[in-house]
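# Coordinate inspection notes
Listed here are the chains, written in short residue letters.
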Amino acid sequence: MGVFYFAFMKFIRKHWSNILIVGVIILLTIPQTRTSLSVFVNKILASTPAEVAPQNQREVTNYYWSLEDRYGARFNFETSKNKVVFINYWATWCPPCIAEMPDLEDLYQKYHTEIDFYFITNDDPLKVEAFMKKNNYNFPVYYSKSNVPTNLESSALPTTYVLSKKGKVVFDKVGAANWNSDRFTTVLDKLIVE
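In what follows, the accompanying structure is described.

### Details of helix H4 (residues 125-135)
All buried positions along H4 are accounted for by Val128, Phe131 and Met132. Burial along H4 is one-sided: seen end-on, the buried residues are contained in an arc of 95°. Exposed and facing more than 90 degrees away from the buried side of H4 are Leu126, Lys127, Lys133 and Lys134. If you check the start of H4, you find a side-chain oxygen 2.9 Å away from the backbone N of Leu126, and it comes from Asp124. Backbone geometry just after H4 places Asn136 at a positive phi near 55°.

As structure tokens, then:
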């Protein structure tokens, strides 16, 4: 037994990286673990989003955008003109979206009285409700009911935009990010007092 154990441990030490790669591939092929593993990897890889350089910041000039909240109430995005705005496109089936949701919920709880938040999805409303309830999320979910304003369109998930009070796109991030970093919230705090 001792000889077998030492030979096995020697084999493991020599080939650990190959074993790890094969293990990850196996886990990715099993439907029950694929999403969980993808979410975990996205959480690890999420970094603080970079601010768009001032000379490259696009401007939103048309704020007309009809939206409907998850309770069926309709309103227009124009109510957010001259305010700091946080827009996140997401879906319940999207691992990078799921990975950043806890940070986004925390960010919403911290800043919801100072920033207008829009979490936009095209998911089935019943799936959205189940997802929100299961995760105890309270951020506002919306469905787009008209054309999205120029400079706020995206086909990638997740995509996040942060607008200054002047309508400048200060952050334009595709993919999961760490939205609760000190570097990001410092910029948010500056935008709020502008």
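Now that the structure is up, let's keep going.
### Brief notes about the state of the cysteines
Applying the stated rule across the entire model yields one disulfide. In this model, Cys94 is linked to Cys97 through a disulfide, with the two sulfur atoms separated by 2.5 Å. Residues Cys94 and Cys97 share a disulfide whose torsion about the S-S bond is about 75°; that sign makes it right-handed. Exposure class is identical for Cys94 and Cys97. Each is buried.

### Considering the sheet that holds strand E4 (residues 116-120)
Strand order in the open sheet formed by seven strands is E2-E1-E5-E4-E3-E6-E7, and the pairing between neighbours is mixed. Across the chains shown, the open sheet's two edge strands, defined by having one partner strand only, are strand E2 (74-76) and strand E7 (169-174). Direction aside, neighbouring strands of the sheet carry axes that sit 30° apart on average. Where strand E1 (residues 66-69) meets E2, three bridges bridge the pair, whose relative direction is antiparallel. Residue pairing across strands places Leu67 opposite Phe75, the latter belonging to E2. Across the sheet, helix H5 (residues 182-193) is in contact with strand E3 (85-89), strand E6 (159-163) and E7; its angle to E7 comes to roughly 150°.

About the criteria used
- Residues numbered from 1 in each chain as written.
- Predicted model: local features only at pLDDT ≥ 70, side-chain atom pairs only at ≥ 80, totals over all residues.
- Heavy atoms only, no water.
- Buried < 20%, exposed > 50% of the residue type's maximum accessible area, 1.4 Å probe, protein only.
- Helix = DSSP H or I, 4+ residues; strand = E, 2+ residues; numbered from the N terminus.
- Arc of directions from axis to C-beta.
- Polar contact = N/O pair within 3.5 Å; in protein donor to acceptor, adjacent residues only side chain to side chain.
- Disulfide = S-S within 2.5 Å.
- Pairing = 2+ DSSP bridges.
- Axes fitted to C-alpha atoms, helices over the stretch in contact; angles between N-to-C directions.
- Contact = heavy atoms within 4.5 Å.

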